[in-house]
Amino acid sequence: MSFKNILYKRLMKYAAVDTRSDPDSSTYPSSKNQLVLAKMLVKELKDIGVRKAGMDKYGYVTGEIPATMEGKRPVLGFLAHMDTSPDAPGKGVKPRLHRKYGGGKIVINKKLGVILTPSNCPELPGRKGEDIVTASGDTLLGADNKAGLAVIMTAAEHLIKHQEIGHGRIRIGFTPDEEVGRGVKYFDVKKFGADIAYTFDGDVAGTIEEETFNADGLKIRVTGKSVHPGTAKNAMANAVRIAADIVASWPENRLPETTERRDGFVMFNSIEGSIEKAELSGIVREHDLARLKELEKHLAAIVAEKKIKYPLAAIELEFTEQYRNMGAVISKHPEVMANLVSAVKKAGLIPHIKPVRGGTDGARLSFMGLPCPNVFTGGYNYHGRYEWVSLDGMEKSMQVLINLAREWAK
Ligand SMILES: [Zn+2]
C-alpha cells in the first residue's frame, strides 16, 4: 500500500471519533471522546512497535522509538494534538477523497452549497494533480490536527520497519485540548524527555513556523452613573455609550480584519453592560514585543482621554499576559530551524518560513524549555466545513519528519 493510502486510512479512522474540545468544560481533557481516540492511539503505537506507549491521567499519549545509532544525540520529540475545533460541527465526519484533482472547483456538498473554488480558496489551483480529502459539507474534517497524528504515526511505523535509517532517540506525544488553549497545561516537559521538538500542526506544504504572536488579553471596566433620563443633564455617565466610544476610537487599521502578515492588532470580542456598568474584553496581538507594548500604550492613551471626556465615570484598563512569541526561544538554538529547513528541502520543497498569526502549543512548550517550531501537514481552511487536506502534502510532511530524524543524527 502506498504512503498516501496508509495516511488516508489513518486520517479516516481518527476523523470518525468526534474529538471536539469544549471551552466551557472544567475537566481535563475537556471532552471525554478525546480519551477514546487517545486509547486507540496507544493501541496503535503498540501495534506498530513503538516502545513505552501509554496514556497518563490527563490523556497525554506518549511513546518512544529507540535510537538506531550509538552515541549521544539530542532526543527529538514529535507532537500533534488529538482534539478538533469546537467552532464547527464535528460529529459524524465522513471524509471524501477526490483523487487527482483536475483543477477548477471541488463540490463538497451540492445541496448545502459547500463548494471549494479557486476564489474562495486561492491555494487550490496549486494542488492540481494531488489527492484531496474534504469532509462532506455538514462538518469540519478535523485534519487539524488528525493529519498530524496520521503523519507522525505513519513516519514512526516507517522508522521502526527501517532500522537502517540512522537516528537518535525519538519521543512521540499526542496532546488534548489545543483548540481551547490548554493543550500543554499539564504537559510534563521533563518527563517527556525530549531536547528539541516539532509540532506537526501547520498547513500549506513547505510552510514552517518559528514565530507566533505575543498575546495579551485586555479588560476595560466602565462604571457609569445612572440618573433618570428626564433629569440626566450633566448628571449621567452612561457606561454603554462610553464603552462604545472606546471601541469606536480604536484605529481601524489596527484590527484583525484590516491587518495581515506582521501587523499587530487589538480586537474587542465582547461588550456587556448597562448604564451603570459595562465591561469590554479583547485581545492584543503582535509578533514584536515592543510593538505589542506600543499598541497597549495607545489603548491606554485612548482610555485616559475618555476619563477626561467623561469625568463622572470611572474607567479601568487591565492587560493580562497570554503567551509570548516562541521565536525568542527558538532563535537561541539555530540548529533547530536549520535542520528543519534542510529536512524540508530534502523532501523536495521550498521552505517557506511564516510567522503564525496566532499561537501554537509549541509557543508554550518553547517557554517551558522545549524549543518547538511548527511543521506543515498539508491541510487548509481549518475549523470549518471547507476544511481540506492534500494526501500529497501529508506524504511530504511525513518525509520531513523522517528527514529531521536523519538530520539530527549527523
Ligand atoms: Zn491545530
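In the block above lies the structure referred to throughout.
These figures come from a predicted structure and were not determined experimentally.

Conventions used here
Residues numbered from 1 in each chain as written. Predicted model: local features only at pLDDT ≥ 70, side-chain atom pairs only at ≥ 80, totals over all residues. Heavy atoms only, no water. Salt bridge = Lys/Arg side-chain N within 4 Å of Asp/Glu carboxyl O. Helix = DSSP H or I, 4+ residues; strand = E, 2+ residues; numbered from the N terminus. Buried < 20%, exposed > 50% of the residue type's maximum accessible area, 1.4 Å probe, protein only. Phe/Tyr/Trp six-rings, centres within 6.5 Å; stacked < 30°, edge-to-face > 60°. Donors = N, O, S within 2.8 Å, 3.2 Å for Na, K, Ca; no water. Tetrahedral: all angles 85-135°; square planar, octahedral: opposite > 155°, others 65-115°. Pairing = 2+ DSSP bridges.

Observations regarding the pattern of salt bridges
Opposite charge on two side chains permits pairing when their charged atoms draw close. Under the counting rule described, the total for this entry stands at 28 salt bridges. Residues Asp 203 and Lys 354 are paired through a salt bridge, measuring 3.5 Å at the closest nitrogen-oxygen approach. Linking Asp 203 in the loop between β9 (196–200) and β10 (207–209) with Lys 354 in the loop between β15 (352–353) and α9 (361–367), this pair joins segments that are 151 residues apart in sequence. Arg 221 serves as the salt-bridge partner of Glu 318, at 3.7 Å between the closest nitrogen and oxygen. Of this pair, Glu 318 sits in strand β14 (residues 314–323) while Arg 221 is found in strand β11 (residues 214–223), placing the two residues 97 residues apart along the sequence. The class for Glu 318 is partly exposed, based on a relative accessible area of 37%. A residue is classified by how much of its surface remains accessible, and Arg 221, at 27% relative accessible area, is partly exposed. The structure contains a network of salt bridges with shared partners spanning Lys 4, Arg 99, Asp 131 and Asp 392.

Thoughts on the packing of aromatic side chains
The geometry of an aromatic ring pair comes down to the distance between the two centres and the angle between the two planes. All chains considered together, the criterion is met by eleven aromatic pairs. For the ring pair Tyr 380 and Trp 388, a centre distance of 3.9 Å and an interplane angle of 10° mean the geometry is stacked. A relative accessible area of 4% places Tyr 380 in the buried class. Here a set of aromatic residues connected by ring pairs shows up, and it is made of Tyr 28, Tyr 58, Tyr 60, Tyr 186, Phe 187 and Phe 192.

A closer look at the coordination of the zinc ion
Around the zinc ion, the protein contributes the donor atoms His 81 (NE2), Asp 144 (OD), Asp 201 (OD) and Asp 201 (OD), which lie 1.9 to 2.7 Å from the metal centre. One way to put it: the four donor atoms around the zinc ion meet at angles of 52 to 144°, and that makes the site irregular. Read N to C, the donor residues that coordinate the zinc ion are spaced as H-x62-D-x56-D. Of this pair, His 81 sits in strand β3 (residues 76–81) while Asp 144 sits in helix α3 (residues 143–161), placing them 63 residues apart in sequence. When sorted by exposure, His 81 lands in the same class as Asp 144, which is buried.

Re the sheet that holds strand β16 (residues 374–375)
Taken together, eight strands build an open sheet; the order of strands is β1-β2-β8-β3-β9-β16-β10-β15 and the sheet is mixed. The strands lining the two open edges of the sheet, one partner per strand, are β1 (51–55) and β15. Pairing of β10 with β15, which is carried by two bridges, proceeds in the parallel orientation. Following the sheet pairing, Ile 208 is matched in β15 by Ile 353.

Treat this as a map of the structure, not an account of what it does.
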